[in-house]
Amino acid sequence: MVGLEVRAIGSDELQIWDTLVASSAQGTIFHTSDWSFRTASSLNQTLIILGCYEGGELIGGCPLLLSNQYGLLKIASSAAALTPYGGMVITDRESTKRRERELHYNKVIAAICEYILRQRFDYVNLVNSPGLEDIRAFTQNGWTSRVYYTYMLPIDEDVLDRISKNARRSIRKAQKLGMCATQHFDTEMYWDLTVNTFDKQNSQPPFSKEHLVMMLNMIRDMGIGEMWVARTSSGEVAAAEVVLRDSQTVHRWSAASSEEHLNTGATSLLLSEIFTDVLDRNYTSINLMAGNIAHLSAFVTSFNPSLVPYYGVELHKQKYMFLKGLKTIFTR
């Protein structure tokens, strides 16, 4: 039996990594080398992409962002601002036998976890994509788990017929008010609208302007997504959305809206136009996100999507828990 080797992927292997991401059920735009390196650069972190090799063939892997908090804690994470998924990516097995597929997945995960353990991290946090449905290889070996949720909407010619009456009513309202939705990339406008969105909740964006703008510029320059903007009949910006595309689906990555136009139906109109565009691009689904925040879920469910779980796993040492407890005490 050929043994497995886990090591950091070299710069000359990034195209092979991206090919694996594009073909794997777990792979998303957020696993690609371009997205991962740009995120690490923007957040001033170090990126390594672990590769799992069998007989010299790349059969799995996991991007990790490395940091050293307070100079005391060695941390590895796939979770980052504006990056909802990371974690494991594994080659698919064509076998119809569940046992063979599970053995394949489990051996890749076990090999990568063993490598991570040898690095003696104080804390490891992986947020896997919805494509990784089985995390027993983690939990049976001491990792703790957390369940997250997203909403997936199948896209076909009848998609607008299946949405709720409230959603259709909102779309008609926006149309009667003379609103229009078009593609338009404007990073400054989007940041201002994002700040306005969080102001409504008496909070601040959980990411910096610099980080958002850097990621938006990459999306525009690489042609991996679009910004959609809804405007009033007088040209005021009412709402905006950014969607990303990978080999398998479209992701509703980010959304923002103006408080004064909150009840105009602008966001519903935007989504209806985005659905049409997704269909024209021959995608069969869109990931609407928003499954982990109650007021966002209430809006998204009006489009009748399917609720889909995805899983985070964590591994932490006593030093991490001790320092985390001290921080909690001193910040009360």
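Residues numbered from 1 in each chain as written. Predicted model: local features only at pLDDT ≥ 70, side-chain atom pairs only at ≥ 80, totals over all residues. Heavy atoms only, no water.

Asker: Describe the overall build of the protein chain, and please don't skip the residues or the numbers.
Answerer: A count of helices and strands for the protein chain gives 10 helices and 13 strands. Its C-alpha atoms give the protein chain a radius of gyration of 21 Å, near enough to 20 Å, the size a compact globule of 332 residues would have. Judged by the C-alpha coordinates and their principal axes, the protein chain covers about 65 × 55 × 35 Å. Within the protein chain, the fraction of its 332 residues that count as buried is 49%. (Helix = DSSP H or I, 4+ residues; strand = E, 2+ residues; numbered from the N terminus. Rg over C-alpha atoms; globule rule 2.2 N^0.38 Å. Buried < 20%, exposed > 50% of the residue type's maximum accessible area, 1.4 Å probe, protein only.)

Asker: Explain helix α8 (residues 266-280) to me, using residue names and the numbers behind them.
Answerer: Because each turn of an α-helix spans 3.6 residues, side chains separated by three or four positions end up pointing in the same direction. The end-to-end C-alpha distance of α8 is 21 Å, a good match for the 21 Å that 15 residues give at a rise of 1.5 Å each. Among the residues of α8, those classed as buried are Ala266, Ser268, Leu269, Leu270, Leu271, Ser272, Ile274, Phe275, Asp277 and Val278. (Expected span 1.5 Å × (residues − 1).)

Asker: Tell me about the nonpolar core, and please be specific about residues and values.
Answerer: Within the largest apolar cluster, 29 residues are counted, with the highest numbers of intra-cluster contacts made by Leu153, Ile155, Ile274, Phe275, Val278, Ile286 and Leu288. Contributions of two or more residues to this core are made by β7 (144-154), α5 (165-176), β9 (225-231), β10 (237-245) and α8. Considering every element that reaches this core, the biggest residue donor is α8, with seven residues. In contact with Ile155, not counting residues within four places along its chain, are Phe275, Val278, Leu279, Tyr283, Thr284, Ser285 and Ile286. (Core = buried A, V, L, I, M, F, W, Y, C linked by side-chain atoms within 4.5 Å. Contact = heavy atoms within 4.5 Å.)

Asker: Describe the pairing of strand β6 (residues 123-127), naming the residues involved and giving the relevant values.
Answerer: Along β6, five of the five residues are buried, which leaves the element largely enclosed by surrounding structure. Relative to β6, strand β4 (residues 73-77) is paired through three bridges, and the arrangement is parallel. Looking at the pairing, Ser77 lines up with Asn125 of β6. As paired elements, β6 and strand β13 (residues 306-316) share five bridges and run antiparallel to each other. Across the sheet, Val127 pairs through a bridge with Gly312, a residue of β13. (Pairing = 2+ DSSP bridges.)

Asker: Give a description of the packing of α5 against α8 that names residues and reports values.
Answerer: For the pair α5 and α8, the least separation of the axes is 8 Å and the interaxial angle reads 100°. Regarding the angle of α5 to α8, the classification is roughly perpendicular. Every residue of α8 that contacts α5 at Ala167, Ser170, Ile171, Ala174 and Gln175 is listed here: Ala266, Ser268, Leu269 and Ser272. Residues of the contact of α5 with α8, tallied by class, amount to five nonpolar, four polar and no charged. (Axes fitted to C-alpha atoms, helices over the stretch in contact; angles between N-to-C directions. Parallel < 35°, antiparallel > 145°, perpendicular 65-115°, else oblique. Nonpolar A, V, L, I, M, F, W, Y, C, P; charged D, E, K, R; others polar.)

Asker: Before we move on, could you go through the pattern of salt bridges and cite the residues and values that matter?
Answerer: Across all of its chains, the model carries 15 salt bridges by this definition. Between Arg220 and Asp221 there is a salt bridge, with the nearest N and O atoms lying 3.2 Å from each other. Asp221 sits in the exposed class, given a relative accessible area of 58%. Arg252 is the salt-bridge partner of Glu241, the closest N and O atoms lying 2.6 Å from each other. Of this pair, Glu241 sits in strand β10 while Arg252 sits in strand β11 (residues 250-257), and the two are 11 residues apart along the sequence. The exposure class assigned to Glu241 is buried, which follows from its relative accessible area of 1%. One continuous salt-bridge network, built from bridges that share partners, spans Arg98, Glu102, Asp134 and Arg136. (Salt bridge = Lys/Arg side-chain N within 4 Å of Asp/Glu carboxyl O.)

Asker: A description of empty space enclosed by the protein should follow, citing residues and the corresponding values.
Answerer: Unoccupied space between atoms shows up once a probe the size of one water molecule is rolled over them. Under the counting rule described, the total for this entry stands at one cavity of 30 Å³ or more. One number sums up the size of the largest cavity: a volume of about 90 Å³. As for the largest cavity, its lining consists of 14 residues, and the residues nearest its centre are Phe30, Ser36, Leu65, Ser78 and Thr83. Elements with a contribution of two residues or more to the lining of the largest cavity: α2 (33-42) and β3 (57-69). Considering each element in turn, the lining of the largest cavity owes the most residues, three residues, to α2. (1 Å grid on protein atoms, 1.4 Å probe; cavity = no way out; pocket = protein on both sides within 12 Å on 5 of 7 lines; lining within 4 Å. Points joined across faces, edges and corners; volume = space filled by probe spheres on them.)

Asker: Give a detailed account of the environment of Val127, specifying residues and quantitative values.
Answerer: Within the secondary structure, Val127 sits in strand β6. Judged by its relative accessible area of 7%, Val127 falls in the buried class. Considered as a pair, Val127 and Arg146 are 19 residues apart in the sequence and their alpha carbons are 8.8 Å apart. Residues within four places of Val127 in sequence aside, it is in contact with Ser78, Ala79, Pro84, Tyr85, Gly86, Gly87, Tyr148, Tyr310, Tyr311 and Gly312.

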